[in-house]
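Working through the structure, step by step
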Amino acid sequence: MNGTTAAVDLAKNVFQVALADPSGHIIEQHRLSGTQFERFFANRNVDRIVMEACGSAHHYARRFSAIGISILLLPAQYVRAYVRRNKTDAAGALALLEAARAPDIRPVRIKSVEQQALQALHRTRSGWMATRTARINTLRGFCREMGLHVPVGARTGLEAIGRAVADDQSALPAILRSTMSQLLDEIRVLETRIAQLERELAAATSGSVEHFVDARHFSSWFGITPKEYSSGSTRHLGRISKRGDKYLRMLLTHGARSVLRAAAAARNAGKTVTGIRAWGLEIQGRSNHNKAVCALANKLARICYGVLRDQTPFGQPVEQLSKKVNRQSFELAH
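The structure contained in this document is the topic of the report that follows. (Residues numbered from 1 in each chain as written. Predicted model: local features only at pLDDT ≥ 70, side-chain atom pairs only at ≥ 80, totals over all residues. Heavy atoms only, no water.)

**Focus: the overall build of the protein**
For clarity, the threshold we go by: Helix and strand labels come from DSSP, where a helix needs a run of H or I of at least four residues and a strand needs a run of E of at least two; each type is numbered from the N terminus. Atoms counted for the radius of gyration: C-alpha only. Globule rule: 2.2 Å times residue count to the power 0.38. We call a residue buried when its accessible area falls under 20% of the maximum for its residue type, exposed when it is over 50%, and partly exposed in between, using a 1.4 Å probe and counting protein chains only.
Tallying secondary structure elements over the protein gives 12 helices and seven strands in all. For the protein, whose C-alpha radius of gyration is 27 Å, the value lies well above the compact-globule estimate of 20 Å for 334 residues. By principal-axis analysis of the C-alpha atoms, the protein measures approximately 80 × 65 × 40 Å. Out of the 334 residues in the protein, the part that is buried amounts to 32%.

**A short note on the sheet that holds strand 5 (residues 70–74)**
Cut-off, in case you're wondering: The pairing criterion is simple: DSSP has to find at least two bridges between the two strands. Between the N-to-C directions of two axes lies an angle of 0 to 180 degrees, each axis being a line fitted to C-alpha atoms and, for a helix, fitted only over the stretch in contact. Note on contacts: a residue pair qualifies if any of its non-hydrogen atoms lie within 4.5 Å across the two residues.
Across the sheet, five strands lie side by side as 3-2-1-4-5; this open sheet has mixed pairing. Each having just a single partner strand, strand 3 (26–33) and strand 5 make up the two edges of the open sheet. When strand polarity is set aside, the average angle formed by the axes of neighbouring strands in this sheet is 20°. Pairing analysis gives five bridges linking strand 1 (residues 5–9) to strand 2 (residues 14–20), with the strands arranged antiparallel. Its bridge partner being in strand 2, V8 is matched across the sheet by V17. On top of the sheet, helix 2 (residues 57–66) reaches strand 2, strand 4 (48–52) and strand 5; it is set at about 165° to strand 5, its chief contact.

**Digging into the packing of aromatic side chains**
Each aromatic ring pair is characterised by the separation of its centres together with the angle its planes make. Our working definition: Note on ring pairs: Phe, Tyr and Trp rings are taken, using the six-membered ring of Trp, and paired if centres are within 6.5 Å. Classes follow the plane angle, with under 30 degrees stacked, over 60 edge-to-face and the rest tilted.
Applying the stated criterion across every chain yields a total of 14 aromatic pairs. Relative to F64, the ring of F41 lies with its centre 5.1 Å away and its plane at 70°, an arrangement referred to as edge-to-face. Note that F41 is positioned in the loop between helix 1 (34–40) and strand 4 and F64 in helix 2, a separation of 23 residues in sequence. Both residues of the pair, F41 and F64, belong to the buried class. With a centroid separation of 5.6 Å and 45° between ring planes, the pair formed by F218 and Y305 is classed as tilted. In this pair, F218 is assigned in helix 8 (residues 215–221) and Y305 in helix 11 (residues 289–310), connecting sequence segments 87 residues apart. Looking at F218, the relative accessible area reads 5%, which means it is buried. Classification of Y305 by relative accessible area gives buried; the value is 6%.

**Details of the pattern of salt bridges**
The condition is simple: The working definition used for a salt bridge is a side-chain nitrogen of Lys or Arg within 4 Å of a carboxyl oxygen of Asp or Glu.
Tallied over the full model, the rule gives 12 salt bridges. The residue R132 makes a salt bridge to E191 at a minimum N-O spacing of 3.1 Å. Of the two residues, R132 sits in helix 5 (residues 113–145) while E191 sits in helix 7 (residues 174–202), which places them 59 residues apart along the sequence. We classify R132 as buried; its relative accessible area is 13%. Where R309 meets D310, a salt bridge forms, and the shortest distance between an N and an O atom there is 2.9 Å.

**Some remarks on helix 10 (residues 275–286)**
Since the α-helix advances by 3.6 residues per turn, residues separated by three or four positions end up pointing in the same direction. The criterion, for reference: To estimate the expected span of a helix, count its residues, drop one, and scale the result by 1.5 Å.
With 12 residues, helix 10 should reach 16 Å at 1.5 Å per residue; the first-to-last C-alpha distance of 17 Å fits that figure. Looking at the packing, one finds that the buried side of helix 10 touches helix 9 (246–268) and helix 11.

**Some points on the nonpolar core**
To keep it simple, the criterion reads: The criterion is simple. A nonpolar core is a set of buried Ala, Val, Leu, Ile, Met, Phe, Trp, Tyr and Cys residues joined through side-chain atoms within 4.5 Å.
One finds F37, F41, I49 and M51 to be the most contacted residues of the largest nonpolar core, which totals 20 residues. Counting only elements with at least two residues in this core, the list comes to strand 1, strand 2, helix 1, strand 4, helix 2 and strand 5. At four residues, the largest contribution of residues to this core is made by helix 2. The contacts of M51, once residues within four sequence positions are left out, are V8, L10, A57, Y60, A61, I71, L72, L73, L74 and L96.

**A closer look at the pairing of strand 3**
Pairing between strand 2 and strand 3: seven bridges, direction antiparallel. Considered in strand 3, the bridge of Q16 is made with R31. From the end of strand 2 to the start of strand 3, which pair antiparallel, there are five residues, and G24 there has a positive phi angle of about 95°.

**Some thoughts on the packing of helix 6 (residues 154–166) against helix 7**
Put simply, the rule is: A clockwise turn of the near helix away from the far one marks a right-handed crossing, whereas an anticlockwise turn of less than a right angle marks a left-handed crossing. Note that Gly is not counted as nonpolar here; it falls among the polar residues with everything else outside the nonpolar set of Ala, Val, Leu, Ile, Met, Phe, Trp, Tyr, Cys and Pro and the charged set of Asp, Glu, Lys and Arg.
One can describe the packing of helix 6 onto helix 7 by two numbers: an axis separation of 10 Å at closest approach and a directional angle of 145°. Seen along the crossing, helix 6 lies across helix 7 with a hand that is left-handed. Only R177, M180, S181, L184, I187 and E191 of helix 7 make contact with helix 6, whose side of the interface consists of R155, L158, I161, G162, A164 and V165. For the contact of helix 6 with helix 7, the class distribution of residues is seven nonpolar, two polar and three charged.

**Considering the packing of helix 5 against helix 7**
Axis angle and axis distance: for two packed helices, these are the angle between their axes and the distance between the axes, and together they describe the pair. Heads up, the rule is: In what follows, roughly perpendicular refers to angles from 65 to 115 degrees, roughly parallel to angles under 35, roughly antiparallel to angles over 145, and oblique to any angle outside these ranges.
It is the contact of helix 5 with helix 7, at a shortest axis distance of 9 Å, that shows an interaxial angle of 155°. Considered as vectors, helix 5 and helix 7 are oriented roughly antiparallel to each other. Every pair of crossing elements has a handedness; the one defined by helix 5 and helix 7 is left-handed. Taken together, the residues of the contact of helix 5 with helix 7 break down into 17 nonpolar, four polar and eight charged.

**A short note on the pairing of strand 5**
Burial of strand 5 is extensive: four of the five residues sit out of reach of the surface. Bridge count between strand 4 and strand 5: five bridges; the pairing is parallel. From the neighbouring strand, I49 faces strand 5, where its bridge partner is I71.

Right, dumping it as structure tokens:
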């Protein structure tokens, strides 16, 4: 460590702070309220602050960075291994100091306000979609209990339910029609809000991938790469790790399922299937559907990496010098 390092265990109302000198010895420990924490570092010469990458960590990281303090955000799952004995706020702060000394732990990149705002929009859309699905399932249950058949599919199902509610001769009782009509209105409002939010998300771009070594590291960040169990000369690749942001992983997975479905439909219609669709069908043919989905989601993540890295639309790749050309062994071979 160079200079004084402060480890902060963040919470809603209580903040545990531990200060260490350049040799790593603990010189101060404090349990602070929110007001005390706001002015704590104004009276001390601290060179670096270490925190877990939790919800509010990025906000404080931006604030402390603005006053010239170096920030280190560490993944919570890696810090947990350094907690000794029982889990307490004080033990968590000391664990942060120990984890900060480990050279193999990659710090988390500090998010900007725009990036966090986009995440909030995605979470809002996800919540509205879950509410919409719940309301549709509620309406389907009402119809099923009254002996009405509702076709598969959200759009066709809602149209059939709407016709049944409007038809006085349907099997739905009069006492239930008003409530079902209100549920239909709620679904329409949610769909309008979701469409507006999707337009805002489509027009927004944020983030950089320059801190990722390559596309492979980028795809592993989503948790769509297999776990490895190796010992000696035995190497076994298992299920995907499912680490990272599960919402982004869900979007990539659903996108891969959509690609495979469209490719299968085109093939059954006698159309020519090329590119990534043909690759996905080839993987599906020699393994199974779920493995093909994960493999295709991995490839989609790598495509996203290339698009973000080169700042070019998909289908217009930038020619780049192969990494092998720059290797010394490659030069000697020639």
